[in-house]
Structure formats: C-alpha cells, structure tokens
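Structure at a glance
The primary structure of each chain is shown beneath.
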Amino acid sequence: EAQVTQNPRYLITVTGKKLTVTCSQNMNHEYMSWYRQDPGLGLRQIYYSMNVEVTDKGDVPEGYKVSRKEKRNFPLILESPSPNQTSLYFCASSWGRKSYEQYFGPGTRLTVT
Amino acid sequence: ELKVEQNPLFLSMQEGKNYTIYCNYSTTSDRLYWYRQDPGKSLESLFVLLSNGAVKQEGRLMASLDTKARLSTLHITAAVHDLSATYFCASQEAGSYQLTFGKGTKLSVIP
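Structural notes, computed from the coordinates. Bear in mind that the values here come from a model prediction, so they are computed numbers and not experimental data. (Residues numbered from 1 in each chain as written. Chains lettered and ligands numbered in written order. Predicted model: local features only at pLDDT ≥ 70, side-chain atom pairs only at ≥ 80, totals over all residues. Heavy atoms only, no water.)

**Some words on the overall build of chain A**
If you tally the helices and strands in chain A, you get zero helices and eleven strands. Oriented by its inertia axes, the alpha-carbon framework of chain A measures out at about 40 × 30 × 25 Å. The buried share among the 113 residues of chain A stands at 51%. In the form shown here, chain A has an accessible surface area of approximately 5,400 Å², with 51% of it arising from carbon and sulfur atoms. (Helix = DSSP H or I, 4+ residues; strand = E, 2+ residues; numbered from the N terminus. Buried < 20%, exposed > 50% of the residue type's maximum accessible area, 1.4 Å probe, protein only. Areas by Shrake-Rupley, 256 points an atom, 1.4 Å probe, with all protein chains shown as cover.)

Shown next, in the form of structure tokens:
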C-alpha cells in the first residue's frame, strides 16, 4: 500500500532534550516536506527536499534540522526543543514539483514541556 | 512572500444549501490545491488547479481558478453532513517548491 509513515505519532518531551521524528514513504517520491499545524495558523512549511542530499528552508525553519540521505526517508530533528515547538507535525511527499498531488503522513503530535 | 487568505474561516450551513469558500493569493501562482482535513486526521487531496479558468468537480464539490484575479473558489452544492470538515487551499508560487496554505475553513453542516 502506497503510504507516508511517521513515528512516533505522539510524543511528550521536556525542553532541551533532542528528538527525531521519522518520515518514510514507499512511493519512490523525489519531493518530501515537513509542515507544522497550529490552531488559527493553518499549516506552515518547515523544510522541504527536492531529492537526496538536496534540502531547503520553508517558512518556519528556526529550531529544526532535516537530512535526506536516502530517497525514502526525511527525518525532522529538534536539537533543543522548546515549548513553542509544541504542535502537530505532518510529513508529505510527491513525485516532484511538477507532480500535482502531495501525500500526507498521519501526523505527529508533539508536546514540549 | 506569498500570502494565502481564505474566507470564511468558519462556516455553519444547513443541509441542502449551497455555499462558496474563497481563497485569495498574493503573487503569481503556478498551481492551487484544495485539501480536506477531518478532525484528528491527516490531509486528503481534493483538487489541483493548474491554469486560468480551470474547473474541477467531484460529487458536491466544485473548485475553480481565476489566475487574473488570484482567486480560487470551492463551491458546495446541496451540502450533506458528511462534508463537515476543515478545508484548506494552498498555493505554489511559480518556479518554487514552497507550498503556502491558507488558515483553513471549518465547515459544519447541520441537519
């Protein structure tokens, strides 16, 4: 089944404790992206990747890192999480910029205390 | 910087009625997307609009794009309860990989 998976789905952590949210797709998609969703703000793009080893900042990259060492995986790293990073995070993928449909993962609800 | 504005942000409508959600974007856009999100769920792609005058329909939903006015609409015909969800539009600036979302329209269809 074609899908985007994220782990963990729920995470409660403390300020400053490094964490990684994994994202994996099984569709051989070139393009992958991370978004955060906050009430009243909609979805905002954090980082995106056009292919292996090619990444770029979205609208709200501060406090986040990403890497794309393999085509199928695009982990989101929070080196020193803070409470303002409490949010719902979505990973998405598509064939490429010319592809019209992004497939979204199930979401990861992160709480930083 | 590309800005995307949706209105209304909240919409309560009776079953059987028609209504339109509006999505305005601020700069030249390559394409316009509409998504649906049910409570506690991920986003589901509804429509992709690629050119001026594009119109797509699926069931009771119809989306259109006017690139000259920088406006897309999502029209709901004879609403049913199953359409209750939050609807997002998103715009992709010409030549860019970035996708900018509107804040979403929370639709409640009341029997």
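The structure having been displayed, the exposition proceeds.
**Some words on the overall build of chain B**
What chain B contains, in helices and strands, is zero helices and eleven strands. Taken from the N to the C terminus, the helices and strands of chain B come in the order β-β-β-β-β-β-β-β-β-β-β. What you see for chain B is a C-alpha radius of gyration of 13 Å, in line with the 13 Å of a compact globule of 111 residues. The principal-axis extents of the C-alpha atoms in chain B amount to approximately 45 × 30 × 20 Å. For chain B, restricting intrachain contacts to residue pairs at least 6 apart in sequence, the fraction spanning at least 24 positions comes to 55%. When the accessible surface of chain B is totalled, it reaches about 5,400 Å², and 48% of it is carbon and sulfur. With 11 positive and 10 negative side-chain charges, chain B shows a separation of 2 Å between the mean positions of the two kinds. (Rg over C-alpha atoms; globule rule 2.2 N^0.38 Å. Contact = heavy atoms within 4.5 Å. Lys, Arg positive; Asp, Glu negative; His and termini not counted. Charge placed at Lys NZ, Arg CZ, Asp CG, Glu CD.)

**Comments concerning the nonpolar core**
Counting residues in each nonpolar core, the largest one holds 24 residues, and the members touching the most others are L32, W34, L74, I76, Y87 and L107 of chain B. When contributions to this core are tallied by element, the ones reaching two or more residues are β2 (10-14), β3 (19-25), β4 (29-37), β5 (43-49), β7 (61-66), β8 (71-76), β9 (85-93) and β11 (105-110) of chain B. Those residues within four positions of L32 of chain B in sequence are excluded, and the remaining contacts are C23, Y25, F47, V48, L49, L65, S72, C89, A90 and S91 of chain B. V4, Y47, L76 and L78 of chain A belong to the second largest nonpolar core, which has 19 residues in total. (Core = buried A, V, L, I, M, F, W, Y, C linked by side-chain atoms within 4.5 Å.)

**Section: the interface of chain B and chain A**
Taken together, the contact between chain B and chain A spans 23 residues of the former and 23 residues of the latter. On the chain B side of the interface with chain A, the three residues burying the most area are Y97, Q98 and F101 of chain B, jointly 31% of the side's total. Seen at the junction of chain B and chain A, the total is zero salt bridges. One can count three residue pairs in polar contact (both at pLDDT 80 or more) joining chain B with chain A. Mapped by element, the contributors of at least two residues to the side of chain B that touches chain A are β4, β5, β9 and β10 (99-101) of chain B. Counting residues per element, the side of chain B that touches chain A draws most heavily on β4 of chain B, which supplies five residues. The residue inventory of the side of chain B that touches chain A, partitioned by class, reads nine nonpolar, nine polar and five charged. (Buried area = accessible area lost by both parts, 1.4 Å probe. Salt bridge = Lys/Arg side-chain N within 4 Å of Asp/Glu carboxyl O. Polar contact = N/O pair within 3.5 Å; in protein donor to acceptor, adjacent residues only side chain to side chain. Nonpolar A, V, L, I, M, F, W, Y, C, P; charged D, E, K, R; others polar.)

**What about the state of the cysteines?**
Residue and element names in this part refer to chain A. Evaluated as defined, the whole model comprises two disulfides over all chains. Put simply, C23 and C91 are joined by a disulfide, and their sulfur atoms are 1.8 Å apart. The sign of the -70° torsion about the S-S bond sets the C23-C91 disulfide as left-handed. With C23 in strand β3 (residues 19-25) and C91 in strand β9 (residues 87-94), this residue pair connects regions lying 68 residues apart in the sequence. When its relative accessible area of 0% is taken as the criterion, C91 is described as buried. (Disulfide = S-S within 2.5 Å.)

**Overview of unusual backbone geometry**
Geometrically, the link from N7 of chain A to P8 of chain A is a cis peptide bond, its omega value of -5° lying close to zero. If you trace the backbone, P8 of chain A turns up in the loop between β1 (4-7) and β2 (10-13). Look at N28 of chain A: it is not a glycine, yet its phi comes out positive at around 60°. Checked against the element boundaries, N28 of chain A lands in the loop between β3 and β4 (31-38). Positive phi values are uncommon outside glycine, yet R70 of chain B reaches one of about 55°.

**Details of the packing of aromatic side chains**
Residue and element names in this part refer to chain A. Considering all chains together, one arrives at ten aromatic pairs over all chains under this definition. Taken together, a centroid distance of 5.9 Å and an interplanar angle of 65° make the contact between Y64 and Y89 edge-to-face. Within this pair, whereas Y64 is found in the loop between β6 (54-57) and β7 (65-66), its partner Y89 is found in strand β9, the two being separated by 25 residues in sequence. With relative accessibility at 5%, the residue Y64 sits in the buried group. Since its relative accessible area comes to 1%, Y89 is described here as buried. (Phe/Tyr/Trp six-rings, centres within 6.5 Å; stacked < 30°, edge-to-face > 60°.)

In short, geometric facts, not functional conclusions.
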